[in-house]
Amino acid sequence: MDIEEKSSIRIIKRIVFVSIIVILILIVGVFASKSDVNYITIKFADDTSISIVTNKIKVSDILSENNIVLLEDEKVIPSLDSNINAIKTIEISKIDSENVVVAEEVSEVTLEQILGDYVTITEKIITEQIEIPYETVTKDISQTGTDTTDKVLQEGQNGLKEIKYKVKYQNEQEIERTVISETVIKEPVDKIIQISTKIVSRSSSYKATSGISLSSTVEGITPTVTTMNVSAYTAATCGKSASDPNYGKTASGARASSWYTIAAGPSLPMGTVVYIPYFASQPNGGWFVVEDRGGAITNSRIDVYMDTISECTSFGRRNLECYVY
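Per chain, the residues get numbers from 1 upward, laid out in the order the sequence is written. Reporting in this predicted model follows two pLDDT cut-offs: at least 70 for local features of residues, and 80 or more for side-chain atom pairs to be given and counted; totals over whole chains, interfaces and linings ignore these cut-offs and use all residues. The side-chain quantities take in all heavy atoms of the structure and omit both hydrogens and water.

### As for the overall build of the chain
Defined as follows: Counting from the N terminus, the helices are DSSP H or I runs at least four residues long and the strands are E runs at least two residues long. Using a 1.4 Å probe on the protein chains alone, a residue whose accessible area is under 20% of its type maximum counts as buried, one over 50% counts as exposed, and one in between counts as partly exposed. Here the Shrake-Rupley method, with its probe set to 1.4 Å, supplies the accessible areas, and only the displayed protein chains count as covering residues.
Secondary structure summary: the chain contains six helices and 16 strands in total. Looking at the chain as a whole, 27% of its 325 residues qualify as buried. Summing over all exposed atoms, the chain offers an accessible surface of approximately 21,300 Å²; the carbon and sulfur share of this is 52%.

Written out as structure tokens, the structure reads:
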């Protein structure tokens with residue numbers, strides 16, 4: 001190879017090397033220029049937006065570059081002195097006038113006013129005693145469709161309980177009350193009223209004890225209600241003649257009296273008062289007294305004394321409800 005050819009090769013190599021260097025510089029310049037470019041979205045208060053390309057990063061510079069001026073009632077996020085963030089969005093919106101007014105009002109409140117309005121809440125434990133109202137209990141021993149009378153068997157009395165509260169006060173005014181405990185000091189006593197059949201005397205033959213009606217002698221007493229087998233008898237069926245001194249004389253020694261005397265078993269002592277609603281329309285109003293015994297009379301049976309055999313036969317024998325006092 002001669003000298004001239006060698007020289008040409010060297011020149012070509014230099015040209016290739018320089019070209020490569022230039023290409024590399026251009027590539028670096030392109031990437032560098034692209035890294036400095038920012039794609040920004042600007043959103044306005046009227047919900048419109050624009051997209052811009054800039055190499056600036058400060059919000060005020062970006063707005064100025066695009067001839068955007070904020071009005072007095074507008075604000076921008078991020079602030080004018082801030083750099084754009086990774087989201088690369090600038091928002092322009094209206095200032096809330098209500099918030100501005102509130103801020104102005106708050107700024108006018110002094111420390112003295114705040115301290116003056118501050119009030120300590122206090123708590124106290126208090127105890128009160130209140131009455132427990134008594135209840136009224138009614139005992140109805142009357143019969144349906146009959147006149148009745150009320151009798152107070154027991155007067156009612158209110159009870160008493162003690163209640164402990166935790167009470168909160170503000171400005172000496174009660175603002176909250178909480179029950180801590182309740183203790184009954186005295187139990188209430190029920191008022192008891194008995195409703196019984198009103199007894200009306202229908203005949204002068206109605207017998208009384210010491211001038212007091214039988215119903216009056218048992219007022220206030222709660223009877224035992226039971227069903228008994230009731231029959232009837234008269235003096236003529238007792239095996240004695242009318243001339244016999246003991247004719248019509250009962251086991252108690254008293255003379256038997258119609259619509260008054262009954263014979264009963266030993267479970268009912270002499271003088272026991274018995275009310276039989278079935279006889280409520282009779283002269284005695286249905287009230288009888290145990291004055292007699294009988295050989296066939298057991299504890300579940302009673303005999304009502306009547307004047308004549310025909311009355312006894314007509315009545316026969318019946319299972320009747322009886323109120324035994």
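### Description of the packing of aromatic side chains
For clarity, the cut-off: Stacked, tilted and edge-to-face are the three classes assigned to paired rings of Phe, Tyr and Trp, where Trp is represented by its six-membered ring and a pair needs centres within 6.5 Å; plane angles under 30 degrees give stacked, over 60 edge-to-face, the rest tilted. Only lysine NZ and arginine CZ atoms are considered, and such an atom sits over a ring when it is within 6 Å of the ring centre and within 35 degrees of the ring normal.
Per the stated rule, a full pass over the model turns up nine aromatic pairs. Among the aromatic side chains, those forming a connected cluster through ring pairs are Trp259, Tyr278, Phe279, Phe288 and Phe315. In this structure, Lys124 is placed above the aromatic ring of Tyr169, and the distance from its NZ or CZ to the ring centre is 5.4 Å. Lying over the aromatic face of Tyr165, Arg177 brings its terminal NZ or CZ to 4.6 Å of the ring centre.

### Description of the sheet that holds strand β4 (residues 89-94)
What counts, and what does not: Between any two strands, pairing holds if DSSP finds at least two bridges. Only the stretch in contact is used when fitting a helix axis, every axis being a line fitted to C-alpha atoms; angles between N-to-C directions are given from 0 to 180 degrees.
Pairing is mixed across the open sheet formed by four strands, whose spatial order is β2-β1-β4-β3. Both outer strands of the open sheet, β2 (49-54) and β3 (74-77), are each paired with one neighbouring strand and no more. Put simply, the sheet's adjacent strands are angled 20 degrees from each other on average, direction ignored. Here strand β1 (residues 38-43) pairs with β2 via six bridges, running antiparallel. Paired with Tyr39 across the bridge in β2 is Val53.

### Focus: the pattern of salt bridges
Using the following cut-off: Here, a salt bridge means any side-chain nitrogen of Lys or Arg that lies within 4 Å of a carboxyl oxygen of Asp or Glu.
On inspection of all chains with the given rule, the structure shows six salt bridges. The closest approach of N and O atoms between Glu128 and Arg177, which form a salt bridge, is 3.2 Å. Of this pair, Glu128 sits in strand β5 (residues 122-132) while Arg177 sits in strand β9 (residues 173-186), and the two are 49 residues apart along the sequence. Residue Glu128 is classed as partly exposed on the basis of its relative accessible area, which comes to 30%. With a closest N to O distance of 3.4 Å, Glu182 and Lys161 form a salt bridge.

### A closer look at the sheet that holds β5
Pairing within the open sheet is antiparallel, and its three strands lie in the order β5-β8-β9. Here the strands that pair on one side only, and so sit at the sheet edges, are β5 and β9. Going across the sheet, the axis of each strand differs from the next one's by a mean of 20 degrees, ignoring polarity. Summarising the sheet, strand β8 (residues 159-170) and β9 pair through eleven bridges and their orientation is antiparallel. Bridge pairing in β9 links Lys164 to Ser181.

### A word on unusual backbone geometry
Of note, the amide linkage connecting Ile77 to Pro78 takes the cis form, showing an omega dihedral of -5 degrees. Within the element layout of this structure, Pro78 appears in the loop between β3 and β4. The phi torsion at Asp47 lies on the positive side, around 70 degrees, for a residue other than glycine. One can find Asp47 in the loop between β1 and β2. Phi at Asn171 is positive, roughly 55 degrees, even though this residue is not glycine.

### Looking at the environment of Asn83
Heads up, the rule is: We call two residues in contact whenever any of their non-hydrogen atoms come within 4.5 Å of each other.
Its place among the elements puts Asn83 in the loop between β3 and β4. C-alpha of Asn83 to C-alpha of Ile62: the two residues are 21 residues apart in sequence and 9.7 Å apart in space. Excluding residues within four positions of it along the chain, Asn83 makes contact with Ile57, Lys58 and Pro78.

### A look at a nonpolar patch on the surface
Inclusion rule: Each patch is built from residues lacking any salt bridge and having more than 30% relative accessible area; the joining distance is 9 Å for like charges and 5 Å for nonpolar side chains (Val, Leu, Ile, Met, Phe, Trp, Tyr).
Taken together, Ile12, Val16, Phe17, Val18, Ile20, Ile21, Val22, Leu24, Ile25 and Leu26 make up a surface patch of nonpolar side chains, about 940 Å² in accessible area. Note that Leu24 resides in helix α1 (residues 3-35).

### Side note on the confidence of the model for the chain
What counts here: On a scale of 0 to 100, pLDDT captures the predictor's confidence in every residue.
Averaged over all residues, the pLDDT of the chain is 80; the fraction at 70 or higher stands at 80%. Confidence over residues 199-212 falls short of pLDDT 50; this stretch has 25 contacts with residues more than four positions distant or in other chains.

### A look at the side chain of Asn229
Heads up, the rule is: N or O atoms within 3.5 Å of each other form a polar contact, as long as, within protein, one can give a hydrogen and the other can take it, and as long as residues adjacent in sequence are counted only when both atoms are side-chain atoms.
Tracing the chain through its elements places Asn229 in strand β11 (residues 224-233). A polar contact of 2.7 Å, which involves the side chain of Asn229, links it to the side chain of Arg317. A polar side-chain atom of Asn229 sits 3.0 Å from a polar atom in the side chain of Asn319.

### Examining the environment of Ser82
With respect to the helices and strands, the residue Ser82 is situated in the loop between β3 and β4. Sequence separation between Ser82 and Val59 is 23 residues; the distance between their C-alpha atoms is 6.0 Å. Apart from the residues lying within four places of it in its own chain, the contact partners of Ser82 are Ile57, Lys58 and Val59. Among the polar contacts made by the side chain of Ser82, one reaches the side chain of Ser79 at a distance of 2.6 Å.

### Focus: the pairing of strand β12 (residues 261-264)
The alternating pattern of β12 places Thr261 and Ala263 and Ile262 and Ala264 on opposite faces, both of which are buried. Sheet topology places β12 next to strand β14 (residues 287-292); three bridges connect them, and they run parallel. Residue pairing for β14: Ala263 is matched across the bridge by Asp292. Direction of pairing for β12 relative to strand β15 (residues 301-305): antiparallel, over a ladder of three bridges. By the bridge assignment for β15, Ala263 is matched with Asp303.

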